[in-house]
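Summary of structural features
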Amino acid sequence: ASKSKDTAKENTMVKTTFKASKMDCPSEEQMIRAKLEGMTDIKSLKFDIPGRLLEVYHQNGHEGILAALESLRLDTKLISSETTEDVDIIGENHLQRRVLWQVLAINFFFFALEIAFGLIAGSMGLVADSLDMLADSIVYGLSLFAVGGTVVLKKRIAGIAGYFQTALAVMGFVEVIRRFLGHEEAPDFLVMIIISVLALIGNASCLYLLQKSKSKEAHMQASMIFTSMDVIVNIGVIVAGAFVFLTGSKVPDLVVGTIVFVLVARGACRILQLSK
């Protein structure tokens, strides 16, 4: 009888909710996943990044989980811990994989499109936006590739991706400075606007797919935040193209390019945190 009780206790699913005040983007989500990867009693993680909340479905106590989260210095506090029914982990993971693959494909396609036409049009705004799309693709790719892998492999992949993205941002800044100091002609505003409108449609499609999933789990809300920022960047490039048309100056394009490269560099720093 005692053995049966112990077995039932071990099989009990517990839902523990934490509030991480400094969890505000996909990079923090990846940090948490990497940190908790080795805990075999954890069955599922549900992230609510806008609300800064994390739900952990696990067996046994939550003390070790809290200690691991506190080591990340995300200002984590325990909200509640209660027994609950099991969750459909396999079904949720399948949905997440499918949506992430679709979003990854869209992002990578528009990365290739924007960087090609950005170079043709001489627009740093388009080139920078293409690298931002590539950065998103890297994050989504890491999310998919890392599933089932070891913690060491995940950190190694994150390190390579982070350094690569940093290199792209640095090269972008150098090119912006060169064009600002040089005698470059104003970029082709028509190409800037047309390609950015197409990229805007692509990001809107990503948002639709993410919202259609109606999931608060694994990367879904985080991906919405990422894609919403991409929509703002697309609009910024469109506006820059309009100002290039009105002023005949290259400055609006370079300003937008600089802002986007700052976003790419910031994302690179957060990805590099995963490799530590």
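Residues numbered from 1 in each chain as written. Predicted model: local features only at pLDDT ≥ 70, side-chain atom pairs only at ≥ 80, totals over all residues. Heavy atoms only, no water.

Moving on to the sheet that holds strand E1 (residues 13-20). Taken in spatial order, the 4 strands line up as E2-E3-E1-E4 in an open sheet, and their pairing is antiparallel. Edge positions in the sheet fall to strand E2 (42-48) and strand E4 (76-84), since each of these pairs with one other strand and no more. Each neighbouring strand pair of the sheet contributes to a mean axis angle of 20 degrees, computed without reference to strand direction. Note that E1 and E4 share 8 bridges and pair antiparallel. (Pairing = 2+ DSSP bridges. Helix = DSSP H or I, 4+ residues; strand = E, 2+ residues; numbered from the N terminus. Axes fitted to C-alpha atoms, helices over the stretch in contact; angles between N-to-C directions.)

With 5 of 7 residues buried, E2 is to be regarded as a mostly interior element. Judged from the 6 bridges that link them, E2 and strand E3 (residues 53-58) form a sheet pairing that is antiparallel. From the neighbouring strand, Ile42 faces E3, where its bridge partner is His58. (Buried < 20%, exposed > 50% of the residue type's maximum accessible area, 1.4 Å probe, protein only.)

As a further point, take the pairing of E1. Where burial is concerned, most of E1 is hidden: 7 out of the 8 residues are buried. Of the strand pairs in this sheet, E1 and E3 are connected by 6 bridges, and their pairing is antiparallel. Bridging across to E3, Phe18 finds its partner in Leu54.

Turning to the packing of aromatic side chains, a few remarks are in order. Taken as a whole, this structure holds 4 aromatic pairs when the rule is applied. Here the aromatic rings of Phe108 and Phe111 are separated by 5.5 Å at their centres, their planes lie at 50 degrees, and the arrangement is tilted. Here the residue Phe108 and the residue Phe111 both occupy positions in helix H4 (residues 89-121), the gap between them amounting to 3 residues, near one helical turn. Exposure remark for Phe108: the relative accessible area of 46% places this residue in the partly exposed category. For Phe111, a relative accessible area of 14% corresponds to the buried category. (Phe/Tyr/Trp six-rings, centres within 6.5 Å; stacked < 30°, edge-to-face > 60°.)

Attention now goes to the pattern of salt bridges. All told, the structure shown has 4 salt bridges when counted by the stated rule. Residue Glu82 is joined to Lys15 by a salt bridge in which the shortest nitrogen-to-oxygen separation is 3.9 Å. Of this pair, Glu82 sits in strand E4 while Lys15 sits in strand E1, and the two are 67 residues apart along the sequence. The exposure class assigned to Lys15 is buried, which follows from its relative accessible area of 18%. Salt bridges linked by common partners bring Glu175, Arg178 and Arg179 together as one network. (Salt bridge = Lys/Arg side-chain N within 4 Å of Asp/Glu carboxyl O.)

Time to look at the side chain of Asn203. Within the secondary structure layout, Asn203 lies in helix H7 (residues 189-212). Overall, the relative accessible area of 0% leaves Asn203 in the buried class. Leaving out residues up to four positions away in the same chain, Asn203 has contacts with Asn107, Met133, Thr227, Asp230, Val231 and Asn234. (Contact = heavy atoms within 4.5 Å.)

When pLDDT is low, close inspection of the predicted coordinates is not appropriate. Looking at the chain, the pLDDT average stands at 79 and 78% of residues meet or exceed 70. Overall, residues 1-9 carries pLDDT values under 50, and its contacts beyond four positions in sequence, including any with other chains, amount to 0 contacts. (pLDDT = per-residue confidence, 0-100.)

What follows deals with a nonpolar patch on the surface. A grouping of Ile177, Phe180, Leu181, Val251, Val255 and Ile259 is seen on the molecular surface, where their side chains present a nonpolar patch of about 590 Å² in accessible area. Mapped by element, the contributors of at least two residues to the nonpolar patch are helix H6 (151-181) and helix H9 (251-273). Mapping Val255 onto the fold places it in helix H9. (Patch = residues over 30% accessible without salt bridge, like charges linked within 9 Å, V, L, I, M, F, W, Y side chains within 5 Å. Areas by Shrake-Rupley, 256 points an atom, 1.4 Å probe, with all protein chains shown as cover.)

Before going further, it helps to spend a moment on H7. Because each turn of an α-helix spans 3.6 residues, side chains separated by three or four positions in sequence point in the same direction. Over its 24 residues, H7 runs 34 Å from end to end, which matches the ideal 34 Å to within 8%, given 1.5 Å per residue. Residues of H7 that are buried: Met192, Ile195, Ser196, Ala199, Gly202, Asn203, Cys206, Leu207 and Leu210. (Expected span 1.5 Å × (residues − 1).)

Note: most peptide bonds trans; most residues except glycine with negative phi. One non-glycine residue, Asn60, lies in the positive phi region at around 70 degrees. Although it is not a glycine, Asp75 adopts a positive phi angle of roughly 55 degrees. Among the structural elements, Asp75 can be located in the loop between helix H3 (63-70) and E4. Classification of Asp75 as partly exposed rests on a relative accessible area of 34%.

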